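# Report on the structure
The primary structure of each chain is shown beneath.
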Amino acid sequence: MRKVVSRDGTTIAYEKSGEGPALVLLNGAFRDHTIFNDLVPELAQHCTVYAYDRRGRGQSGDAPEYAVEREVEDLQAVIEEAGGSAAVFAGSTGANLAIKAALAGTPITRLALHEPFFRVDGFPKPPFNAARTIQDLLARDRRDEAAEFFLGPVLGLTPDTVAEWRRSPIWAVNETNAHTLLYDIEICGDFTVPADRLAGFRTETLVLNSDSTSVWLRAAAQATADALPNGRGLELSGSWHRIDMDVLGRTLAEFATA
């Protein structure tokens, strides 16, 4: 993987693939750049794709103290490597981070978001003490319980579904990256769509959701699209919190190169 140094000195690792307009991929909770392994080959036929490990994950470094602004600077550093401006695709809590970066003036030419992690009116928000609970579990090295808490009370999965996740091969990655859940919770703030601020954001934005996702995630995607002057929502085939990769690849390639 290639490396770029962020403003605070943290090393950010990324992979570069393909040729064409620059497109940066930004993952959500738990994951690193490998979540895009099945997506990159489709996109690389049309774009120069930059998939990076967010700080604290994979081959990227970290810092003793966390701040959302540092993650914004990480994205800015990758975009600088991409030539100074780029389209961005971000999913889940990564979409919340991309929104913060865009509102901070990051040179994003087009923005595609997949099911940002907001809770609109009518849907309960995660526990108010979520960050403190996860922090306490991590302090006692109970990383598996921290991951379970995020998936259950924070994300809203049923105990049976969480148990299925625990039996999956990817559970070890969830435990490894459990400390970064505190980063994602801080990024999400109070989990409210920042409609007032988005009203002044003019960059063309595509907000995607799966046709089989949770009702609250669909509502959050729609509310985000509605808040953007140049935003539009699009529902695509998929499963819970996931769009079929071939459909997603075609949609993003078309959007990023238009």
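Further up the page is the structure itself.
Residues numbered from 1 in each chain as written. Predicted model: local features only at pLDDT ≥ 70, side-chain atom pairs only at ≥ 80, totals over all residues. Heavy atoms only, no water.

## Concerning the packing of helix H4 (residues 130–139) against helix H5 (residues 143–154)
Geometry of a packed helix pair, given as the angle between the helix axes and the separation of the axes. Where H4 contacts H5, the axes come no closer than 8 Å and their chain directions differ by 160°. In this view, H4 runs roughly antiparallel relative to H5, as classed from their interaxial angle. The crossing of H4 and H5 is right-handed. When H4 is examined against H5, the residues Ala130, Thr133, Ile134, Leu137 and Leu138 are found in contact with a partner set consisting of Arg143, Glu145, Ala146, Phe149, Phe150 and Val154. Considered class by class, the residues forming the contact of H4 with H5 number eight nonpolar, one polar and two charged. (Axes fitted to C-alpha atoms, helices over the stretch in contact; angles between N-to-C directions. Helix = DSSP H or I, 4+ residues; strand = E, 2+ residues; numbered from the N terminus. Parallel < 35°, antiparallel > 145°, perpendicular 65-115°, else oblique. Left-handed = near helix turned anticlockwise from the far one by under 90°. Contact = heavy atoms within 4.5 Å. Nonpolar A, V, L, I, M, F, W, Y, C, P; charged D, E, K, R; others polar.)

## Overview of the sheet that holds strand S7 (residues 205–210)
Taking strand neighbours across the sheet as the criterion, the eight strands line up as S1-S2-S4-S3-S5-S6-S7-S8 in an open arrangement whose pairing is mixed. With partners counted over all chains shown, the strands left at the sheet margins are strand S1 (2–5) and strand S8 (231–236), one partner each. Strand-to-strand, the axes of this sheet are offset by a mean angle of 25°, without reference to chain direction. Strands strand S3 (22–26), strand S5 (86–91) and strand S6 (108–114) of the sheet are contacted by helix H3 (residues 93–103), whose axis makes an angle of about 155° with S6. (Pairing = 2+ DSSP bridges.)

## A short note on helix H11 (residues 245–257)
The terminal C-alpha atoms of H11, which comprises 13 residues, lie 18 Å apart, in line with the 18 Å expected from a rise of 1.5 Å per residue. Looking at H11, one finds that the buried residues are Met245, Val247, Leu248, Gly249, Thr251, Leu252, Ala253, Phe255 and Ala256. (Expected span 1.5 Å × (residues − 1). Buried < 20%, exposed > 50% of the residue type's maximum accessible area, 1.4 Å probe, protein only.)

## Re the environment of Lys100
For Lys100, the position within the fold is in helix H3. Taking relative accessible area as the criterion, Lys100 reaches 36% and is therefore assigned partly exposed. For Lys100 and Pro169, which are 69 residues apart along the polypeptide, the C-alpha to C-alpha distance reads 32 Å. Sequence-distant contacts of Lys100, that is, excluding residues within four places in its chain, are made with Val68, Val72 and Ile187.

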